[in-house]
Structures are given as structure tokens and as C-alpha cells.
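# Fold and contact review
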Amino acid sequence: MSAHVPEPPRRPWAPAVLVLIVFLFLSGCADRPAAAPAAFPHGAAGPEAEGERAALAVPAVPRVVPQEIPGLGPATRDLIPSGALQAFVVTGEDADSNRSTAVLYARDSPAADWRPVTGLWPAHNGMQGWTGFHEAGDLRSPTGVYALTDAGGLLPDPGTLLPYDQHEYFATDGEGFFGESLEGSFDYVVAINYNRTPGVSPLDRTRPLGAERGGGIWIHVDHGGPTQGCVSVEEEHMEELLRTLDPAKQPVIVMGDATSLAR
């Protein structure tokens, strides 16, 4: 007779547990991370996503270049001080001509556009034209860019902001190259800072480069003919120029024949 082996006790809940395990295996559970939605794939973005980014990108702001003074090339522009806000531009017809035109330009800041503030004025320059190396008696006007700091004349100050020296020594007479009267030529003058000491009367005869390099180069009242090296404009234009120039704006004159200024 064989030994009796007792049956293990029955667990009435076992089938239910088995059913639950199978259900969780098939459907997933809260502790298992869900697969990423197909709409948001992992990895590098494709062309479509790149296009969406491009549509949202802020467009680059184009660099705005200030308007330059017409007729001036890069070499001439580089001679204008960065802080200068007024430029009296005198352009000769050619290197040997004594006829020229003049325009006063201004800008509101070093980064702003240059704009004309006067019309195109007729002007005269040296009898023999222009030179890059002025010497006393050569009858040519020096090309270049020079500061305008001092004024004066035989007549009273017309309302300029520049230091103004009214003196009888500005009286002149005689005849010009074509027989025209020189009387009144220095009723108003603005000294061009070529071979002179800034901050003194235009009558001052100090010549830092030496007397052989000339001096006494002014903007003055036109007498109807060429000059010995100065620049001249009509009297009404001299008055306007004097009333407009402002030392706080570091005014300069840019002068020379058209070809030289275009360099």
C-alpha cells in the first residue's frame, strides 16, 4: 500500500492573477514608458522641420551705409575728420582751370547721411588751377581737406559763430588778372587752415611749414576773376556761409579739381 501524498491546498485567486498578468502584458502598464508619438520623432530634424524653423527665424537687418558726398572718392573721404559735420566742397573744372563750384554739406552725426544745405555756387580759385604741393607764388590753390576755424573782414560780423576779426587791414584795392577791381574782396573772409596757426586772426602771418610753402589762403568775396590761390564766392554767399558755419560742427573745406577729389 502506497503512502498517501496530501494534495496542496487550493488557491481560489490564482486564475484571476494569471488573467491580470496576461492583460498587463498585452496592454502595457503605467510604469512602462509609452512610445513617442509619431508626430514628434526622435533624431535629426528632416527638411520639413528645417523649413518650419526657417519660417520662424528673424530676418537679418541689412546694414545701412550713410549717403556720401557726391564726387568724392575714398582717398578724399578718408581725409575728412570723423567728427566733422559740415564740409564746404569746392570742385574745380580741371587741374589747370580757375573756375569751380562750391556746395556746403552737413550731417547730423558721423553715422548720418551727408546732405547739401546750400545751392551750387559759382566760384573762382587760383589763376593756374590746383596743386597737391602748393608753393608761394605758384598761383595755384592747394588741394586737400582743411579745417575752417577763424573768420574776419573789413565789414562788421554778419552773424557768424566763428571767431570774427573785423579790421581795417582787410581793405584792399588794385586790379585782378583781367583788370577787374579787387576792392571789397576781403569784406568777408574765412581762413583756410593751410600753413597757418588755427585759433588766430586770418591776418596772422605765422607759417608753420615755412614761408616758401605759401599761406594766406582764404575763402573771400569774389571779384569776378581768378585768385592767387584763394577760393572766392559771391558776397551774398559769403554772408550765408559765415552765418551757417558752426565751430561745434568742426567745419572743413574739401577743395581741388574734380579728378583729384574723385580719388
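Read on for an overview of the structure. (Residues numbered from 1 in each chain as written. Predicted model: local features only at pLDDT ≥ 70, side-chain atom pairs only at ≥ 80, totals over all residues. Heavy atoms only, no water.)

## Overview of the side chain of His134
Condition: In this description a helix means any DSSP run of H or I spanning at least four residues, a strand means any run of E spanning at least two, and both kinds are numbered starting from the N terminus. Accessible area is worked out with a 1.4 Å probe on protein chains only. A residue is then buried under 20% of its type maximum, exposed over 50%, and partly exposed in between. Note on contacts: a residue pair qualifies if any of its non-hydrogen atoms lie within 4.5 Å across the two residues.
With respect to the element layout, His134 can be found in the loop between strand S5 (130-131) and strand S6 (141-142). Exposure remark for His134: the relative accessible area of 5% places this residue in the buried category. For His134, the residues in contact, after removing those within four places along its chain, are Arg140, Pro142, Tyr194, Arg213, Gly214 and Ile217.

## Section: the layout of surface pockets
Counted only if it meets this: Grid spacing is 1 Å over the protein atoms alone, the probe is 1.4 Å, and a cavity is where that probe fits but cannot get out, while a pocket is an open set with protein on both sides within 12 Å along at least five of seven lines and lining residues have an atom within 4 Å of a point. Grid points are joined across faces, edges and corners, and a volume is the space filled by probe spheres set on the points. Side-chain classes are defined by residue name, with Ala, Val, Leu, Ile, Met, Phe, Trp, Tyr, Cys and Pro counting as nonpolar, Asp, Glu, Lys and Arg as charged, and the others, Gly among them, as polar.
Reported here for the largest pocket is a volume of approximately 660 Å³. As for the largest pocket, its lining consists of 28 residues, and the residues nearest its centre are Phe186, Gly215, Gly216, Gln228 and Cys230. Of the residues assigned to the lining of the largest pocket, the class counts are 12 nonpolar, 13 polar and 3 charged. The wall of the second largest pocket is formed by Pro66, Glu68, Pro74, Arg77, Asp78, Ile80, Pro81, Ser82, Arg107, Pro110, Ala112 and Trp114. Across the lining of the second largest pocket, the residue classes tally to 7 nonpolar, 1 polar and 4 charged.

## Let's talk about the environment of Ser82
You can see Ser82 is positioned in the loop between helix H3 (74-79) and strand S1 (86-92). Placed 28 residues apart in sequence, Ser82 and Pro110 show a C-alpha to C-alpha distance of 6.1 Å. Once you skip the residues sitting within four places of it in the chain, Ser82 turns out to touch Arg107 and Pro110.

## Some thoughts on unusual backbone geometry
Phi is positive for Asn195, close to 50 degrees, though the residue is something other than glycine. Owing to a relative accessible area of 6%, Asn195 belongs among the buried residues under this scheme. Phi is positive for Gln250, which is not a glycine, with a value near 45 degrees. Take Gln250: it is sitting in the loop between helix H4 (235-244) and strand S13 (252-257). Accessibility expressed as a relative area gives 43% for Gln250, which makes it partly exposed.

## Quick word on empty space enclosed by the protein
Inspection of every chain in the model, using the stated rule, returns 1 cavity of 30 Å³ or more. Volume-wise, the largest cavity comes out at about 30 Å³. Considered class by class, the residues forming the lining of the largest cavity number 6 nonpolar, 1 polar and 3 charged.

The values reported here are purely geometric and, on their own, carry no functional implication.
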